[in-house]
Amino acid sequence: MLKWLDILNFARNGNPIAPRRVEKTDEQWQAELDPETYMITRKKGTERPFSSQSCQLFEPGKYYCVCCQTLLFDADEKFDSGSGWPSFTQPASIEAVAYHGDKSLGMTRIEITCNVCDSHLGHVFPDGPEPSGLRYCVNATSMEKK
Ligand SMILES: [Zn+2]
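Residues numbered from 1 in each chain as written. Predicted model: local features only at pLDDT ≥ 70, side-chain atom pairs only at ≥ 80, totals over all residues. Heavy atoms only, no water.

- The name that an unreviewed UniProt entry assigns to the protein chain is Peptide methionine sulfoxide reductase MsrB, with the source organism given as Pseudoalteromonas piscicida.
- According to the UniProt record, the Sequence similarities (unreviewed entry) comment for the protein chain is "Belongs to the MsrB Met sulfoxide reductase family."
- What the UniProt record of the protein chain gives under Catalytic activity (unreviewed entry) is the line "L-methionyl-[protein] + [thioredoxin]-disulfide + H2O = L-methionyl-(R)-S-oxide-[protein] + [thioredoxin]-dithiol". (UniProt positions renumbered as here; feature names shortened; annotations may be inferred.)

See the structure below:
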């Protein structure tokens, strides 16, 4: 189980080795994705809170990267954070998600991306429920549920 110290270690010293890589040019992503998805996933946008019904959905299922179909999160790890974004306490696998220090907006946060295609997913915070204490705060737009 990943904990906050593991997340800081990945962000500072290098991320888990990705199981595979999907790399496309900015033009290719723009052509393949709808404008909102492109802005969020490739330009580090943030959807408005409570803009997705998936925050309140907790039935079983798996959440895949909308850009490259990598399995990112399992509904078993989903919880209601009240933040307005889908929230998870762990990724589906350690290799699925990459971590990066993000000093934008005058805060130091940890950005999370798909480790396969570098799609922006959201941020991870150390204020989630035990036992991991992690809150992966993810744009619903960056995932596809199956
Ligand atoms: Zn991806």
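## Describing the overall build of the protein chain
Okay, step 1: A count of helical and extended segments in the protein chain gives three helices and nine strands.
Okay, step 2: Counting from the amino terminus, the protein chain carries its helices and strands in the arrangement α-α-α-β-β-β-β-β-β-β-β-β.
Okay, step 3: Taken over the C-alpha trace, the protein chain has a radius of gyration of 14 Å; the compact-globule value for 146 residues is 15 Å, and the two agree within 12%.
Okay, step 4: Along the first, second and third principal axes, the C-alpha atoms of the protein chain reach 40 × 35 × 35 Å. (Helix = DSSP H or I, 4+ residues; strand = E, 2+ residues; numbered from the N terminus. Rg over C-alpha atoms; globule rule 2.2 N^0.38 Å.)

## Thoughts on the sheet that holds strand β2 (residues 71-74)
Okay, step 1: In space, the three strands of this open sheet follow the order β2-β1-β9, with antiparallel pairing throughout. In the strand order of this sheet, the two ends are held by β2 and β9 (143-145), each with one partner. This sheet shows a mean twist of 30° between the axes of neighbouring strands, independent of strand direction.
Okay, step 2: Inspection of the sheet shows strand β1 (residues 62-65) paired to β9 by three bridges, in the antiparallel sense. The residue of β9 that forms the bridge with C65 is M143. (Pairing = 2+ DSSP bridges. Axes fitted to C-alpha atoms, helices over the stretch in contact; angles between N-to-C directions.)

## As for the packing of aromatic side chains
Okay, step 1: Under the counting rule described, the total for this entry stands at five aromatic pairs.
Okay, step 2: Seen from their ring centres, F10 and Y99 are 5.6 Å apart, and the 10° between their planes marks the pair as stacked. Here the residue F10 occupies a position in helix α1 (residues 4-13), and Y99 occupies one in strand β5 (residues 97-102), the gap between them amounting to 89 residues. As far as the burial class goes, F10 and Y99 line up, both buried.
Okay, step 3: Centroid distance F73 to F88: 4.4 Å. Interplanar angle 15°. Geometry classified as stacked. (Phe/Tyr/Trp six-rings, centres within 6.5 Å; stacked < 30°, edge-to-face > 60°. Buried < 20%, exposed > 50% of the residue type's maximum accessible area, 1.4 Å probe, protein only.)

## A closer look at the side chain of T113
Okay, step 1: Inspection of the secondary structure puts T113 in strand β6 (residues 109-114).
Okay, step 2: A residue is classified by how much of its surface remains accessible, and T113, at 3% relative accessible area, is buried.
Okay, step 3: A polar contact is formed between the side chain of T113 and the side chain of H100, at a distance of 2.8 Å.
Okay, step 4: Once you skip the residues sitting within four places of it in the chain, T113 turns out to touch A96, V97, A98, H100, D118, S119, H120 and L121. (Polar contact = N/O pair within 3.5 Å; in protein donor to acceptor, adjacent residues only side chain to side chain. Contact = heavy atoms within 4.5 Å.)

## Side note on the layout of surface pockets
Okay, step 1: Considered as a void within the structure, the largest pocket measures approximately 250 Å³ in volume.
Okay, step 2: T46, R109, H120, G122 and H123 are, among the 16 residues lining the largest pocket, the residues nearest its centre.
Okay, step 3: Contributions of two or more residues to the lining of the largest pocket are made by β6, β7 (120-125) and β8 (135-138).
Okay, step 4: In terms of residue count, β7 provides more of the lining of the largest pocket than any other element does, five residues in total.
Okay, step 5: A class-by-class count of the residues in the lining of the largest pocket yields six nonpolar, six polar and four charged. (1 Å grid on protein atoms, 1.4 Å probe; cavity = no way out; pocket = protein on both sides within 12 Å on 5 of 7 lines; lining within 4 Å. Points joined across faces, edges and corners; volume = space filled by probe spheres on them. Nonpolar A, V, L, I, M, F, W, Y, C, P; charged D, E, K, R; others polar.)

## Things to note about the pattern of salt bridges
Okay, step 1: On inspection of all chains with the given rule, the structure shows nine salt bridges.
Okay, step 2: For the salt bridge of R109 with D102, the shortest nitrogen-to-oxygen distance reads 3.6 Å.
Okay, step 3: According to the relative accessible area criterion, R109 is buried, its value standing at 15%.
Okay, step 4: Judged by its relative accessible area of 13%, D102 falls in the buried class.
Okay, step 5: One continuous salt-bridge network, built from bridges that share partners, spans R21, E23 and D118. (Salt bridge = Lys/Arg side-chain N within 4 Å of Asp/Glu carboxyl O.)

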